[in-house]
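A structural walkthrough
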Amino acid sequence: MKGWTLFPHLVVRATGFPFDWLERLGCPESARQARALEAERRALDALRAQGPRVHRPPRELLSALKAGRPVDTEGLEAPERFADWNTRARAAQEAEAALASALERELPAVETQMEALCREPRFLEAVASSSPPVARDLLAKREGSRLRRQVASYLQRLCAKNETMGFFGPINYGRVDAQAPTGVTLRWSGPETLVGRNTFAASWLVQGLVRAIAFDPDIASWLVPRRKAFAEMPARKAGPTPESVEELLPRIVELADGTRTLAALASSLGVAPGMAREALRLGCDKALLTHQLEVPSAVHHPVDDLAQRVAALPGAGARRHVEGLSTLLELMGRYGAADAGGKMALQEAFARKAKELWGVAPPTERGPASESHNFYQDRLPLREECGGDLRLEVGGERARELGARLEPALAWMAEAAWRTRDAAREAVARKVGSRTVPFWKVAAAAADLPVPLDTTVAELLAKSIPDAAARSVELGAVERPSWDAARTLPLVTSVDLLVGATDVEAWGRGDYTLVMGDIHDTALVWGWALQFHPSRAKVESEMVRALGALSRSVPLVTVLPSRRTGLLPSEFPGPVVELGGVSSHASAWRIPLDDLFVESDGKSARLVSKRLGSEVCLYNGELESAVHTAFSLPRIRPLKVSLGEHTPRVTMGGVVVQREQWRLDAAACEALLACKDDRARLRVAVGLWDARGLPPCVFAKFKGERKPVLVDVRSPPLLRVFLNLLEQKEEVLLSEMLPGPEQLWLRGPSGRHTVELRCTLMSGAPSVTREEER
């Protein structure tokens, strides 16, 4: 396998709120007292287990031993036998009282801090941008344990997790330059300084607008249909005049060459305009047809784009729709500068106008069948993305290290990716049998086929860990399986890198820890992520050339899905299949979906294009399906090494590939859930943390939840959030917060911020000598 090349541009994601805010929710003295109490109780348990037998013990004695109280030794034989017990029991009582006293002092201060944070205008605005109902409760100064838990949940999200969302997850940029002097330079005014704010309509709303406007009787006659996903015509019934929409559709598809209006097609076919309109609507629903009003999937400002498309049409109907779209754009233009109350009012006004003029309603109003379970699905009609002024430059040795130090881990991930791809091809081949089948039929038939994720690589690494109780293991020296020279496809991945250092100067000196965070299977320094970059066109051009330089023996194809979420699909260089969406390129190299076939011998399968006369390979786009896995570039996924209840931190070449992890067993979960108040929760949680060697701050990943939550064992509010989720879920995986609070090198005016570097790496590019680099 050829080495990996790091794309020189980075997307830098930092939190909009400081981690220090979360530390205001802690009760450190109470946690220390809880730890002391647990130590005394463990000592009592040991004494109880080793204690002397007492003949016919009094009920009061048994009760005291069970409850951990001092024993009244009056009247007992050999009372000295209980001296150690009573000493420990009194110490436990003192520790219990000290815990109660500490919590009585600290907890009101925590609640006061939460109340103060809830009055912060930026915090209220962030909550209003995500959950208007919670923001309304806060603005109305409502009370309640549920609301306090929601506030704590939002605080851990806003202060500890890097997201690309609104002003509380601004997009920043960086660059690596191996030829620059060694070091790291940072320019940043802080999270409150923004270089841009963009407001967007939800994907479901844009799709609704396009559909409502396009099939308005005043507009539909001017639509210019063209075939989209299929080249072959649907079978049509012989006869002079179609008698139904279903009979008319094949003829519309046959004539839809992108040059004639629907009115002209209806006239040539001798059918009523209304019947032709419904046939076109059906063709669009079936992804057979598109028209000039459909907004391309990768267009970043779809409402503006739609308004421009409608403005090109003649007639009063088009003017009416342009006027309505202008109203929506005016509301969107006010969103960025609005405060919490203003944002909620604009959301309501926008939704109301879309429903009044076009009948577009959110998925939640269309019944359970319409609800999406996609984590990234837009729930509100409007969302915002913001750009910060943070600029990072990594030079010389520090720049070279970012790519080179990742290679050992990426080599293992590449091996697992190829094995998963091969297994997926075998699974699809078994499903198809020995025959050639249209790709779209295979995709439909194998929709429920699970992805056969490779576990052999992770298992091999797990077996190489000599001590399951170790805190950290280095596996860089483990011998990898020999690389198959027949594997000639390029590899593309984006890695969210986290740097742990006391400050940016320490990082520049080389005193830092490198941690691999989320792993993505595609180039993410691209498209929407560059919307605030001062040289966006230049960076995108560099990415196109970098992708183009990757060696490949077959064409790489982008399959464009419909616009479903705020994360826009990427349209990479090469042929495009307009599956759900349409291309944003005027001269796109389009391939019809029905030109793709799966050739299978029952043991393995490949994807071919009949028109190209060649096998083809799909670009990745984080599409988790067996069929896409089988016929796309090998998908780089994170290694998941597990030894059960505890797995040490896994490093390769000094890079942390996987953080230290713990799985809570049923007994631990039951003990936590049995607690009824903050004091009991703190005491039991601290005891569990200490017994298992957990650091104070961990991330909890629950089954079925895409995003983990931060848990600080010293924070009663964060423990409430954690236990509320634990009560609902079956399993939880805890992993260390790494970099930890003391390793957060990015400092703003209000404290430390978590930050990650999203970088794209590629394997398969021609090797570049040092002279060529110069």
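These figures come from a predicted structure and were not determined experimentally. (Residues numbered from 1 in each chain as written. Predicted model: local features only at pLDDT ≥ 70, side-chain atom pairs only at ≥ 80, totals over all residues. Heavy atoms only, no water.)

Points about the overall build of the protein
Summing up its helical and strand segments, the protein has 26 helices and 28 strands in all. For 774 residues, the compact-globule estimate of 2.2 N^0.38 gives 28 Å, and the C-alpha radius of gyration of the protein, at 31 Å, lies within 12% of that figure. Summarising its shape, the C-alpha atoms of the protein cover approximately 115 × 65 × 60 Å along the three principal directions. Looking at the protein as a whole, 54% of its 774 residues qualify as buried. Excluding contacts between residues fewer than 6 apart, the proportion of contacts in the protein whose partners are at least 24 apart in sequence is 75%. About 34200 Å² of surface is accessible on the protein, with carbon and sulfur atoms providing 50% of the total. (Helix = DSSP H or I, 4+ residues; strand = E, 2+ residues; numbered from the N terminus. Rg over C-alpha atoms; globule rule 2.2 N^0.38 Å. Buried < 20%, exposed > 50% of the residue type's maximum accessible area, 1.4 Å probe, protein only. Contact = heavy atoms within 4.5 Å. Areas by Shrake-Rupley, 256 points an atom, 1.4 Å probe, with all protein chains shown as cover.)

Structural notes on the domain arrangement of the protein
Domain assignment breaks the protein into domain 1 (200-363) and domain 2 (661-737). One C-alpha centre belongs to domain 1, the other to domain 2, and the line joining them spans 49 Å. (Domains from an automatic or database assignment.)

Things to note about the packing of aromatic side chains
Summed over the entire model, instances satisfying the criterion amount to 10 aromatic pairs. One aromatic cluster is present, formed by Phe17, Trp21, Phe167 and Phe168 through successive ring pairs. In this structure, lysine 343 packs its charged tip against the face of tyrosine 335, placed 4.7 Å from the ring centre. The residue whose ring lies beneath arginine 487 is tryptophan 483, and the NZ or CZ to ring-centre distance is 4.7 Å. (Phe/Tyr/Trp six-rings, centres within 6.5 Å; stacked < 30°, edge-to-face > 60°. Lys NZ or Arg CZ within 6 Å of the ring centre and 35° of its normal.)

Here we look at the sheet that holds strand 17 (residues 614-615)
Strand order in this open sheet of 4 strands is 9-15-16-17, and the pairing throughout is antiparallel. If you trace the sheet from one side to the other, it starts and ends with strand 9 (434-438) and strand 17, each paired once. Both strand 15 (residues 596-601) and strand 16 (residues 605-609) contribute to a ladder of 5 bridges, which runs antiparallel. When the bridges of strand 16 are listed, phenylalanine 597 appears paired with valine 608. (Pairing = 2+ DSSP bridges.)

A short note on the environment of leucine 47
As for its position among the elements, leucine 47 is in helix 2 (residues 28-50). Look at leucine 47 and you get partly exposed, because its relative accessible area is 26%. With sequence-adjacent residues up to four places away left out, leucine 47 is seen in contact with Asp84, Trp85 and Arg88.

Observations regarding the side chain of asparagine 620
With respect to the helices and strands, asparagine 620 occurs in the loop between strand 18 (617-618) and helix 22 (626-631). Owing to a relative accessible area of 8%, asparagine 620 belongs among the buried residues under this scheme. Of the polar contacts made by the side chain of asparagine 620, one reaches the side chain of serine 632; its length is 2.9 Å. At 2.8 Å, the side chain of asparagine 620 and the backbone oxygen of leucine 633 are in polar contact. With near-sequence residues (within four places) excluded, asparagine 620 lies in contact with Asp521, Thr522, Phe572, His628, Ser632, Leu633, Pro634 and Arg635. (Polar contact = N/O pair within 3.5 Å; in protein donor to acceptor, adjacent residues only side chain to side chain.)

Let's talk about helix 14 (residues 316-335)
Taking 1.5 Å per residue, 20 residues should reach 28 Å; helix 14 reaches 29 Å between its end C-alpha atoms and fits that length. Of the residues making up helix 14, those classed as buried are Gly317, Ala318, His321, Val322, Gly324, Leu325, Leu328, Leu331, Met332 and Tyr335. (Expected span 1.5 Å × (residues − 1).)

A short note on helix 19 (residues 456-463)
Residues of helix 19 that are buried include every one of Val457, Ala458, Leu461 and Ala462, and no others. Buried residues of helix 19 fall within an arc of 135° about the axis and therefore sit on the same side. Where helix 19 is buried, its residues touch helix 17 (407-432) and strand 20 (649-652). (Arc of directions from axis to C-beta.)

Regarding the pattern of salt bridges
The full count for this structure, using the stated rule, is 50 salt bridges. Linking glutamate 578 and arginine 226 is a salt bridge whose minimum nitrogen-to-oxygen distance equals 3.0 Å. Note that glutamate 578 is positioned in strand 14 (residues 576-578) and arginine 226 in strand 6 (residues 226-227), a separation of 352 residues in sequence. (Salt bridge = Lys/Arg side-chain N within 4 Å of Asp/Glu carboxyl O.)

Observations concerning the pairing of strand 23 (residues 697-702)
The buried fraction of strand 23 amounts to 5 of the 6 residues, a majority that puts the element mostly inside the structure. Sheet topology note: the strand 23/strand 24 (residues 709-712) ladder contains 4 bridges and is antiparallel. Bridging across to strand 24, valine 698 finds its partner in valine 711. A loop of 6 residues connects strand 23 with strand 24, the two strands running antiparallel in sequence, and glycine 704 in this loop sits at a positive phi of about 85°. The pairing of strand 23 with strand 25 (residues 732-736) spans 5 bridges and is classified as antiparallel. Residue alanine 700 lies in a different strand from strand 25, and its bridge partner there is leucine 734.

Observations regarding the sheet that holds strand 23
An order of 19-22-25-23-24 is seen for the 5 strands of this open sheet, with the pairing classed as antiparallel. In this open sheet, the two edge strands, each paired with only one partner strand, are strand 19 (646-647) and strand 24. The sheet contact formed by strand 22 (residues 661-663) and strand 25 spans 3 bridges and is antiparallel. Residue glutamine 661 lies in a different strand from strand 25, and its bridge partner there is serine 735. Most of the contacts of helix 25 (residues 716-728) go to strand 24, to which it runs at about 125°, and overall it touches strand 23, strand 24 and strand 25. (Axes fitted to C-alpha atoms, helices over the stretch in contact; angles between N-to-C directions.)

Considerations on the packing of helix 4 (residues 83-118) against helix 7 (residues 145-160)
One can describe the packing of helix 4 onto helix 7 by two numbers: an axis separation of 11 Å at closest approach and a directional angle of 70°. Put simply, helix 4 runs roughly perpendicular to helix 7. Taken together, the residues of helix 7 that come into contact with helix 4 (itself represented by Glu111, Met114, Leu117 and Cys118) are Arg148, Val151, Ala152 and Leu155. Its residues placed into classes, the contact of helix 4 with helix 7 shows 6 nonpolar, no polar and 2 charged. (Parallel < 35°, antiparallel > 145°, perpendicular 65-115°, else oblique. Nonpolar A, V, L, I, M, F, W, Y, C, P; charged D, E, K, R; others polar.)

Focus on the state of the cysteines
Tallied over the full model, the rule gives 0 disulfides. With no disulfide of its own, cysteine 27 lies 13 Å from the sulfur of cysteine 697, the closest cysteine sulfur. Relative accessible area serves as the criterion here: at 0%, cysteine 27 is assigned to the buried category. (Disulfide = S-S within 2.5 Å.)

Focus on the pairing of strand 12 (residues 513-520)
Summarising burial for strand 12: 6 of the 8 residues are buried, a large majority. In the sheet, strand 11 (residues 491-500) pairs with strand 12 via 6 bridges, with the strands oriented antiparallel. Bridge pairing in strand 12 places valine 495 opposite isoleucine 519.

As for unusual backbone geometry
A negative phi angle is the norm for most residues apart from glycine, just as the trans form is the norm for most peptide bonds. At the junction of leucine 738 and proline 739, the peptide bond is cis and its omega measures out at 0° in the coordinates. Despite not being glycine, lysine 141 has its phi angle at roughly 55°, a positive value. A relative accessible area of 67% places lysine 141 in the exposed class. Although it is not a glycine, glutamate 622 sits at a positive phi angle of roughly 55°. Mapped onto the elements, glutamate 622 comes out in the loop between strand 18 and helix 22.

Examining the confidence of the model for the protein
In this model, the protein carries a mean pLDDT of 90, and residues with pLDDT of at least 70 account for 93%. This stretch, residues 368-377, has a pLDDT under 50; its non-local contacts, to residues over four places away or in other chains, come to 14 contacts. A low-confidence stretch, residues 768-774 (pLDDT under 50), is modelled with 6 contacts involving residues beyond four sequence positions or located in other chains. (pLDDT = per-residue confidence, 0-100.)

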